[in-house]
Amino acid sequence: MKSSYAYYPGCLASLSQKELDTSTRAIADKLGMTLVDIPGFTCCGAGDVHEARPEYYLHLNARILGQAEQLGQDTLMTICNVCTLNLRQANAKLQADPELLQRVNRNLKEVGAASYSGGVDVRHLLWEIAEGDGYEKLKQIAEKPLTGIKIAPFYGCQILRPSRLLGFEDPDRPQSLERIIEACGAEPVDYPSKIKCCGFPIVLARAEVALGELIQPLAEAKEAGADAMVTPCPLCHLSLDAWQSKASREADMEFDLPIFHLAQLVGAAAGLSYDELQFKRHVVKAYPVTDKIYQGV
Amino acid sequence: MVRHDVVVVGAGLAGMRAAIEASRYGVDVGVVSKLHPTRSHSGAAEGGINAALGNAGEDDPQKHTFFTVKGSDYLGDQDAIAVMCEEGPGDIYELEHMGAIFSRTDDGRIAQRPFGAGGAPRTCYAADITGHVLLHVLYEQLVKSGVTVYEEWFALDLVTDGERCVGVTAWDLVRGGVQGVEASAVIMATGGLGRMYRGTTNAYACTGDGMSMAWRAGVPLKDMEFMQFHPTTLKSNGVLITEGARGEGGYLRNSEGDRFMFNYAPNAGELASRDVVSRSEQTEIDEGRGVDGCVLLDLTHLGAKRINERLHGSRELAMDYAGVDPIEEPIPVRPGSHYHMGGIDTDVWGHTLMPGLYAAGECACVSVHGANRLGGNSLLETVVFGRRTGAAAAQDVRRNGSGGVFSPSAAAIAERSIGRMLDKNDGERPHVLRQELADAMYDNAGIFRSAEGLEACKAKVEELRERYDRGVVVQDKGRDFNTDLIQAIELGSMLEMADCLVTGAIARTESRGAHSRLDYPERDDEAWLRHTLAFYDEGQVRLDYRPVTITEYEPAVRSY
Amino acid sequence: MQVTLKIERYNPESDESRQETFSVDVVEEATLLDVLDVIKDEVDGSLTYRKSCRMAVCGSCGMRMDGAAVLACKTPMRPLVEAGEVPVISPMGNLPVLKDLVVDMEPFWAKFRAIKPYLDDGGEEPPVKEWRVQQEELDRVMTEALCIQCGCCVSECNSMEADPDFLGPAALAKAARFVNDVRDRGGKSRLEIYNGPHGVWDCTRCYFCNQRCPKGVHPRDAIAKVGAAIYQEGMHSDGGARHAKVFVKSTHQTGYLLETHLVPETVGPVNAIKEIPFALRLARAGKVPNPLKPHKAKKLDEVRKLNKLIESQEQATLEAANAGPTRPPADPAQAKESE
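First things first, this report covers the structure right here in the doc. (Residues numbered from 1 in each chain as written. Chains lettered and ligands numbered in written order. Predicted model: local features only at pLDDT ≥ 70, side-chain atom pairs only at ≥ 80, totals over all residues. Heavy atoms only, no water.)

1. Focus: the interface of chain B and chain C
Reports often express the size of an interface as the amount of accessible area lost when the parts come together. At the interface, 63 residues of chain B touch 66 residues of chain C. Together chain B and chain C conceal approximately 5100 Å² of surface at their shared face, both sides included; 51% is due to carbon and sulfur atoms. The largest share of the area that chain B buries against chain C comes from Arg39, Ile101 and Tyr204 of chain B, three residues that together contribute 15% of it. Scanning the region where chain B abuts chain C turns up 10 salt bridges. Residue Glu316 of chain B pairs with Lys74 of chain C through a salt bridge whose shortest N-O separation is 3.5 Å. Across the chain B-chain C interface, the total number found is 40 residue pairs in polar contact (both at pLDDT 80 or more). Where the side of chain B that touches chain C is concerned, the elements lending two or more residues are helix H3 (78–98), helix H4 (130–145), helix H10 (312–322), helix H13 (430–444) and helix H15 (483–507) of chain B. For the side of chain B that touches chain C, the element with the most residues is H4 of chain B, which contributes seven residues. Here the residues of the side of chain B that touches chain C sort into 20 nonpolar, 23 polar and 20 charged. (Contact = heavy atoms within 4.5 Å. Buried area = accessible area lost by both parts, 1.4 Å probe. Salt bridge = Lys/Arg side-chain N within 4 Å of Asp/Glu carboxyl O. Polar contact = N/O pair within 3.5 Å; in protein donor to acceptor, adjacent residues only side chain to side chain. Helix = DSSP H or I, 4+ residues; strand = E, 2+ residues; numbered from the N terminus. Nonpolar A, V, L, I, M, F, W, Y, C, P; charged D, E, K, R; others polar.)

See the structure below:
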């Protein structure tokens with residue numbers, strides 16, 4: 001874990017998933033991480049710009065990395081799976097090909113943007129607190145263990161695959177979320193679909209297909225006895241939370257599973273309140289579980 | 001029971017090229033293959049395909065012809081070789097127009113590199129996955145042509161009506177059961193038989209089934225004793241490292257670090273003819289200058305960039321199957337059985353002596369390779385003669401109409417025979433015989449042969465044939481997808497073909513090309529400038545001979 | 001060394017499924033395929049699987065090991081033995097099982113055939129010799145051309161699980177091989193094949209295909225290339241393309257994604273109206289940002305200029321690609337053209 005990071009919240013955490021940004025800043029404080037805001041940051045392009053306009057995607061991300069570099073930071077921290085893959089993939093390409101980096105920088109210079117020299121590493125918050133001194137710090141701050149709460153981890157796709165670009169852990173047998181859940185005093189619940197796709201990228205353009213995917217982790221987590229789920233990605237969170245009722249209808253099953261952002265899980269274990277972690281912003285009400293946490297009900 | 005004008009058995013490069021060509025003549029074509037077409041062994045070819053395009057310097061088909069004739073140790077039929085070398089360029093351009101992704105020169109033409117004993121850079125290539133690229137482009141064209149493909153149908157026997165070939169029987173692997181496949185013309189394109197040897201580059205599927213079918217139906221097999229050993233195969237599983245690695249500048253070293261090839265081939269060095277290189281390597285190994293039974297293929301001086309661009313496939317193979325990164329270390333290699341020069345006797349249009357039966361590709365022997373094949377000429381042969389054979393079969397059908405009478409009992413007879421195989425419960429498992437055959441062939445019918453060893457091998461093969469005829473045990477009794485049954489049938493093909501090979505080898509008391517006799521080390525043109533023909537004679541091998549067609553080049557001393 | 005495997009077997013004649021454990025002795029360098037061969041030869045001849053080249057080029061031996069598709073011939077057993085693991089071997093996913101580890105590949109080949117898997121020469125007379133094509137141009141399709149059609153990518157495809165008619169990563173990677181081949185003149189009509197309801201926009205971007213591919217084809221990246229071609233040709237009829245358009249427009253206008261625009265622009269105004277109750281539920285939780293006060297990034301002009309600059313560069317690339325292949329200078333057809 002570093003003492004300071006260039007902080008990249010991404011688009012969703014800045015707006016519709018604001019609770020994620022709020023919670024992240026709150027726990028960063030507890031963890032002793034300084035988050036340095038990137039003044040001119042933009043969207044990373046998500047999967048859509050990455051696909052439709054690959055050159056533009058590359059430049060958008062080079063610009064973000066350049067800005068982080070300008071702030072004197074050697075590590076940029078993300079809190080979203082998609083941002084993580086997008087930034088890391090662009091970074092890998094630029095770092096591996098000096099000619100490409102030169103060409104991109106020429107374009108950036110032409111529009112007056114900061115250039116990038118390849119000196120930034122991109123890390124998701126999940127990785128920073130799942131091992132090493134970050135994990136030790138996490139254990140230290142988890143003063144209010146979430147005893148008796150069963151949490152099903154949902155990794156989502158782009159924090160695991162393709163592993164040659166992410167490479168933090170075994171993409172087929174990840175354990176980082178389980179370790180964090182345990183450090184927070186809760187009980188991790190295992191189920192097969194925890195590494196599969198929530199369907200978010202096509203939840204609008206191919207609603208039926210996306211729901212067919214989304215049902216799996218929800219149903220399996222429920223059947224495995226989970227009280228709630230946790231995910232490191234705000235897009236997965238939107239699927240699991242905001243789309244839960246649609247999935248419920250499609251599956252003809254009640255799920256009633258509150259979905260925690262990773263930062264909220266950590267925040268709750270660190271003693272932050274329901275309001276500080278903005279739990280009320282969830283579509284699937286968190287209070288059956290948060291009541292247990294905050295009132296020992 | 002299905003019926004087509006032309007039926008092609010085998011869907012590798014030669015089979016698919018034949019099918020595509022035949023369909024262009026407007027005849028109805030069906031393809032029978034025991035594998036899905038893109039699983040065919042053509043896909044494993046790596047280094048390239050020869051043609052006198054002249055893209056890497058002055059070249060012409062006559063030069064290509066000469067080096068091929070010399071490479072064949074003068075056993076190749078020179079008229080056939082001339083046809084292949086003349087028509088080669090046109091076939092390469094056609095493959096490119098179909099979409100084949102050849103590597104390019106700086107000005108966008110098809111790149112060519114040197115290959116063993118070619119004399120000039122004449123080998124067109126697609127990185128080091130040429131076979132894969134060509135196999136897939138032909139499959140694309142096959143799909144485009146709309147030809148019917150019966151995949152995972154294992155052809156069992158040729159059906160004849162006493163005068164001509166009228167089709168084949170085939171076992172439908174997926175659904176189980178014998179199918180009759182009636183045709184006015186049958187083209188055999190079933191590939192080679194390397195699996196009869198221990199230590200082969202060949203896929204499991206290369207078991208000589210088509211040759212066996214033709215032989216049993218009375219069609220002679222030509223030059224069966226000539227088996228090529230590829231110099232650079234991996235010890236663990238026989239996998240091929242392309243000659244292209246040497247074409248790109250790789251060295252062969254012995255345990256003392258010497259580039260020993262210059263002792264055997266002062267001019268060509270590592271790029272001498274394959275038989276010469278294999279014998280040299282084996283000699284180094286036998287004389288104690290090997291490393292763990294291998295010599296070392298050193299690519300380290302080529303650099304990471306060149307290796308990743310041109311030899312990416314080879315690097316992967318070396319890492320996966322030899323645990324070695326060729327950028328850092330040399331690859332231990334040794335000779336392995338690779339290509340069979342012999343096969344079903346055909347003319348330059350793929351006709352066999354039996355009306356209605358044709359053959360092309362490795363299972364055929366035209367002969368364009370004689371006693372030893374040049375690297376890059378096999379892929380060429382498949383497209384040139386695949387095309388010519390497809391055209392010939394289609395034109396014959398259009399001219400002569402439908403063939404003879406397909407006996408309604410043919411399928412039933414085959415069905416009963418399979419039933420007997422499945423019913424047997426006591427006896428040997430096929431793999432026992434398969435291993436004994438592979439060991440015997442490697443030990444006694446390999447790179448260096450002698451009368452003593454060959455006779456022992458013949459005795460062993462005859463013993464194995466007897467044991468096989470008594471019945472092997474197929475444990476899988478089911479009719480659905482019974483690969484245990486297929487493997488048992490394939491063993492039968494290999495035993496018969498081994499008999500033809502060894503019998504021919506015993507009789508040929510000279511050394512020529514890949515056939516190297518320790519007891520007859522010289523080439524003897526007076527007695528042996530002739531093709532061996534192996535006929536089926538009540539289950540035994542009867543030999544006969546036929547002269548070689550010499551047009552331009554009188555046999556000369558062959559040195560590199 | 002001794003290897004123990006659990007194998008999911010299926011016998012079609014009795015319609016029986018069961019898991020069987022086998023333990024056999026093999027050489028140190030043995031691959032999973034070698035182990036299966038020893039089991040078949042020495043223990044149970046009815047164990048059924050496909051194989052041919054044993055060198056990862058024919059694509060026959062795809063199967064799952066602990067739920068993840070691999071090529072049996074490319075999977076060394078020693079690391080598993082050393083780790084004391086007993087893997088479960090099962091047939092590939094998303095395809096019907098015929099027997100034991102053999103799946104019915106016909107649906108796979110049907111999708112292959114459906115994408116027009118051959119070069120479209122546009123009916124043009126080819127040159128006498130080869131088309132002049134630069135190595136860099138062909139390098140654009142070399143990655144997809146590595147594909148051996150093994151099915152490992154299809155086995156774990158999350159979209160295909162939810163939509164069995166999805167063309168899938170193997171077929172679409174093959175499509176990319178033609179879309180980006182300068183000699184292919186298929187143009188927009190070819191792209192339309194991949195623009196349908198079960199085409200590129202069906203891909204959920206789970207990246208399982210990239211993860212599983214044993215040959216480095218990166219099928220997801222290939223699907224993206226086809227998506228890019230469709231998008232940049234202005235073919236925006238599908239909701240998937242319109243979804244992408246929102247991202248591009250929003251980042252241009254504000255630097256961020258304008259989530260409120262996503263729904264109506266992707267699913268169209270009629271469907272958007274149907275989603276009003278859903279949207280209200282989100283709004284109650286505070287999830288709908290104020291559409292009238294869009295959040296804008298600082299230094300936005302940099303981003304807008306960047307977009308325009310890159311767009312012009314992309315157009316140039318597209319035009320060059322669409323121009324088609326070059327004839328050799330001395331080609332008779334070239335001479336005819338310039339007459």
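We are not done yet, so read on.
2. Topic: the sheet that holds strand E11 (residues 227–234) of chain B
Residue and element names in this part refer to chain B. Spatially, the four strands line up as an open sheet ordered E11-E14-E13-E12, and their pairing is antiparallel. Because the sheet does not close on itself, it has two edges, and the strands there are E11 and strand E12 (251–253). Here the strands of the sheet are splayed against their neighbours by 45° on average, with no regard to which way each runs. In the sheet, E11 pairs with strand E14 (residues 331–340) via six bridges, with the strands oriented antiparallel. Each bridged residue has a counterpart across the sheet, and for Met227 the counterpart in E14 is His340. Packed on one face of the sheet, helix H8 (residues 274–286) meets E11, E12, strand E13 (295–298) and E14 and runs near 60° to E11. (Pairing = 2+ DSSP bridges. Axes fitted to C-alpha atoms, helices over the stretch in contact; angles between N-to-C directions.)

3. What to know about helix H8 (residues 187–194) of chain C
All names here are of chain C. Considered for burial, the residues of H8 that qualify are Arg190, Leu191 and Tyr194. Seen along its axis, H8 keeps its buried residues to an arc of 100°; they face one direction. Those residues of H8 that are buried lie in contact with helix H7 (168–179) and helix H10 (219–232). (Buried < 20%, exposed > 50% of the residue type's maximum accessible area, 1.4 Å probe, protein only. Arc of directions from axis to C-beta.)

4. Re the packing of aromatic side chains
The tally for this structure, following the rule as stated, stands at 18 aromatic pairs over all chains. Ring geometry for Phe66 of chain B against Phe67 of chain B: centres 5.2 Å apart, planes inclined by 65°, an arrangement best described as edge-to-face. Relative accessible area serves as the criterion here: at 26%, Phe66 of chain B is assigned to the partly exposed category. Aromatic pair Tyr139 of chain B and Phe112 of chain C: ring centres 5.5 Å apart, planes at 40°, arrangement tilted. Of this pair, Tyr139 of chain B sits in helix H4 while Phe112 of chain C sits in helix H3 (residues 106–114), placing the two residues on different chains. Here the two residues Tyr139 of chain B and Phe112 of chain C agree in accessibility, since each one is buried. Feature note: the residues Tyr139 of chain B together with Phe108, Trp109 and Phe112 of chain C constitute an aromatic cluster, connected by ring pairs. (Phe/Tyr/Trp six-rings, centres within 6.5 Å; stacked < 30°, edge-to-face > 60°.)

5. What about the sheet that holds strand E6 (residues 187–188) of chain A?
Residues and elements named next belong to chain A. Ordered in space as E6-E5-E7-E8, the four strands form an open sheet in which the pairing is parallel. Each edge of the open sheet carries a strand with a single partner, namely E6 and strand E8 (259–261). Direction of pairing for strand E5 (residues 150–153) relative to strand E7 (residues 228–231): parallel, over a ladder of three bridges. Bridge assignment links Pro153 to a residue of E7, and that residue is Val230.

6. Observations concerning helix H11 (residues 377–400) of chain B
Residue and element names in this part refer to chain B. Taking 1.5 Å of rise per residue, 24 residues should cover 34 Å, and H11 covers 33 Å from first to last C-alpha, within 8% of that figure. With respect to burial, H11 is a largely interior element, 20 of its 24 residues being buried. In the segment just after H11, Gly401 is the residue with positive phi, at about 75°. (Expected span 1.5 Å × (residues − 1).)

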